[in-house]
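# A closer look at the structure
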Amino acid sequence: MCSFLTYGNEQNPSAVQREKKYQVQPGFGDRRGGVISARTYFYADEAKCDHHMETFVRCIEASGGSSEDGFSAIKLTALGRPQFLLQFSEVLVKWQRFFHQLAADQGKAGLAAVEIELEVEKLKESLANLGIATKDEIHNWFTGENLGLSGTMDLLDWNSLIDNRTKLSKLLLVPNLQSGQVEPLLSRFTEEEDLQMKRMLQRMDVLAKKALETGVRLMVDAEQTYFQPAISRLTLEMQRKFNKDNPIIFNTYQCYLKEAYDNVTADVELSRREGWHFGAKLVRGAYMQQERSRAAEVGYEDPINPTYEKTNEMYHRCLDYVLEEIRHNRKANVMVASHNEDTVKFTLKRWV
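All of the points below concern the structure found in this document. This one's a predicted model, so the numbers in the text were calculated from it and none came from an experiment.

## Quick word on helix H1 (residues 46-66)
Within an α-helix, residues lying three or four positions from one another point in the same direction, as the helix has 3.6 residues per turn. Given a rise of 1.5 Å per residue, 21 residues ought to cover 30 Å, and the 31 Å separating the end C-alpha atoms of H1 matches this to within 8%. All buried positions along H1 are accounted for by Glu 46, Cys 49, His 52, Met 53, Phe 56, Val 57, Ile 60 and Ser 63. Along the long axis of H1, the arc covered by the buried residues comes to 145°, so they all point the same way. Of the exposed residues in H1, those oriented more than 90 degrees away from the buried face are Ala 47, Gly 65 and Ser 66.

## Observations regarding the pairing of strand E8 (residues 278-283)
With respect to burial, E8 is a largely interior element, six of its six residues being buried. Residues Phe 278, Ala 280 and Leu 282 line one face of E8 and the alternating positions Gly 279, Lys 281 and Val 283 line the opposite face, and both faces are buried. In this region the chain leaves strand E7 (residues 249-254), passes through helix H8 (residues 260-274) and returns to the parallel neighbour E8; the handedness of that crossover is right-handed. As paired strands, E8 and strand E9 (residues 332-336) are joined by five bridges and run parallel to one another. Paired with Phe 278 across the bridge in E9 is Ala 332.

## Observations concerning the packing of H1 against helix H6 (residues 191-214)
For the pair H1 and H6, the least separation of the axes is 9 Å and the interaxial angle reads 10°. One way to sum up the angle between H1 and H6 is to call them roughly parallel. Side by side, H1 and H6 meet where Glu 46, Cys 49, Asp 50, Met 53, Phe 56, Val 57, Ile 60, Glu 61 and Gly 64 of the first sit next to Gln 196, Arg 199, Arg 203, Val 206, Leu 207, Lys 210, Ala 211 and Thr 214 of the second. Among the residues making up the contact of H1 with H6, the classes are represented as eight nonpolar, three polar and six charged.

## What about the pattern of salt bridges?
Per the counting criterion, the structure on display carries 27 salt bridges. Residue Glu 46 is joined to Arg 203 by a salt bridge in which the shortest nitrogen-to-oxygen separation is 2.8 Å. Here Arg 203 lies in helix H6 and Glu 46 lies in helix H1, a separation of 157 residues in the sequence. Residue Glu 46 is classed as buried on the basis of its relative accessible area of 13%. The exposure class of Arg 203 is buried, given its relative accessible area of 3%. Because the salt bridges share partners, they merge into one network encompassing Asp 154, Asp 157, Glu 269, Arg 272, Arg 273 and Glu 325.

## A look at the pairing of strand E6 (residues 217-220)
Across the two faces of E6 the burial is the same, with Arg 217 and Met 219 and Leu 218 and Val 220 all buried. Of the strand pairs in this sheet, strand E1 (residues 71-74) and E6 are connected by four bridges, and their pairing is parallel. Residue pairing in the sheet places Ala 73 in a bridge with Met 219 of E6. Here E6 runs beside E7; their pairing, made up of three bridges, is parallel. Counterpart to Leu 218 in the pairing with E7 is Ile 249. Handedness of the crossover is the feature at issue here: the chain leaves E6, passes through helix H7 (residues 228-242), returns alongside E7, and the resulting connection is right-handed.

## Re the sheet that holds E6
Spatial ordering of the open sheet is given by E1-E6-E7-E8-E9, a layout of five strands whose pairing is parallel. Looking at strand neighbours, the two that pair on one side only are E1 and E9, the edges of this open sheet. The mean angle between the axes of side-by-side strands here comes to 30°, regardless of whether they run parallel or antiparallel. Docked against the sheet, H8 engages E7 and E8, running at close to 155° with respect to E7.

## Regarding empty space enclosed by the protein
One pass over the full model with this rule turns up four cavities of 30 Å³ or more. When its volume is computed, the largest cavity comes out at roughly 80 Å³. Taken together, Gln 228, Ser 232, Asn 251, Thr 252, Tyr 253, Gln 254, Leu 257, Glu 259, Ala 260 and Asn 263 make up the full set of residues lining the largest cavity. Looking at the lining of the largest cavity, the elements with two or more residues in it are H7, E7 and H8.

What counts as what
Residues numbered from 1 in each chain as written. Predicted model: local features only at pLDDT ≥ 70, side-chain atom pairs only at ≥ 80, totals over all residues. Heavy atoms only, no water. Helix = DSSP H or I, 4+ residues; strand = E, 2+ residues; numbered from the N terminus. Expected span 1.5 Å × (residues − 1). Buried < 20%, exposed > 50% of the residue type's maximum accessible area, 1.4 Å probe, protein only. Arc of directions from axis to C-beta. Right-handed = clockwise from strand over helix to strand, strands pointing away. Pairing = 2+ DSSP bridges. Axes fitted to C-alpha atoms, helices over the stretch in contact; angles between N-to-C directions. Parallel < 35°, antiparallel > 145°, perpendicular 65-115°, else oblique. Contact = heavy atoms within 4.5 Å. Nonpolar A, V, L, I, M, F, W, Y, C, P; charged D, E, K, R; others polar. Salt bridge = Lys/Arg side-chain N within 4 Å of Asp/Glu carboxyl O. 1 Å grid on protein atoms, 1.4 Å probe; cavity = no way out; pocket = protein on both sides within 12 Å on 5 of 7 lines; lining within 4 Å. Points joined across faces, edges and corners; volume = space filled by probe spheres on them.

Encoded structure:
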């Protein structure tokens, strides 16, 4: 499904300062604080994760046996060690932030994520100037995988550079915007951590196959923002594999997040390009108090929209985009997971 970047340098991984948001925070170790509407799982050991998987399998079977159009929800923190999700999330966020920095260098700051197209020749020059690799190596990254042949590269192309299908393992460094130095994107996993990651992916695969077998839509729940980039990416890989004929795997988008629309539009665009069925569950979000408290105490930007009205606007904007995709494409499916009366009315009015 996904692979991790490997490093050929000799820099001590422990010396690399991880971002505050993706560091373990003992004060927020009990993720139940301020959360009353979402189940919380804690990692005990691999046997407990297997037990959770088996419970999810029974839920999927029960849903398939009681309905022709059933669904079942799972949480990835029940299937593996959350530390892995923290680390992988940091990789993905830093990689996308690097893309936006390069876009700003080309005078394209402020555009929606899916609208940014980098000029490949300028991109190669910037990467070489930063000392990421030699010009020849950078040239081979793109031409060897048929990336950037149009002369431009967008965020989806950029994200594919850390996809195991490209077998690209030489993207060793990204610039640290605070220090001005380049640093490893992620420290190496220990052998045991690598095994834990593989077991999580295997459990996800078991559940997805069971959902496909029983015709059940599998909803991968959203969780805290410091886990969510990894959860979304792993769900995306499941969609690529299992949504070829029908929307079986659904990703969950929390519309109280400032980045919700960018996430929805990028994933829809990828599904168009690759020809699989996009599946979305749209929610407002269950972790607002906890997210805001953690951001304020640890010291990073509050990820939540500033007002209730802004969250409503975001929800309806994302929903409108997906409904328009369904109207024109049909290879999309959405669950409007809301108790909000105005949102239900908005959906019915928009769809009729």
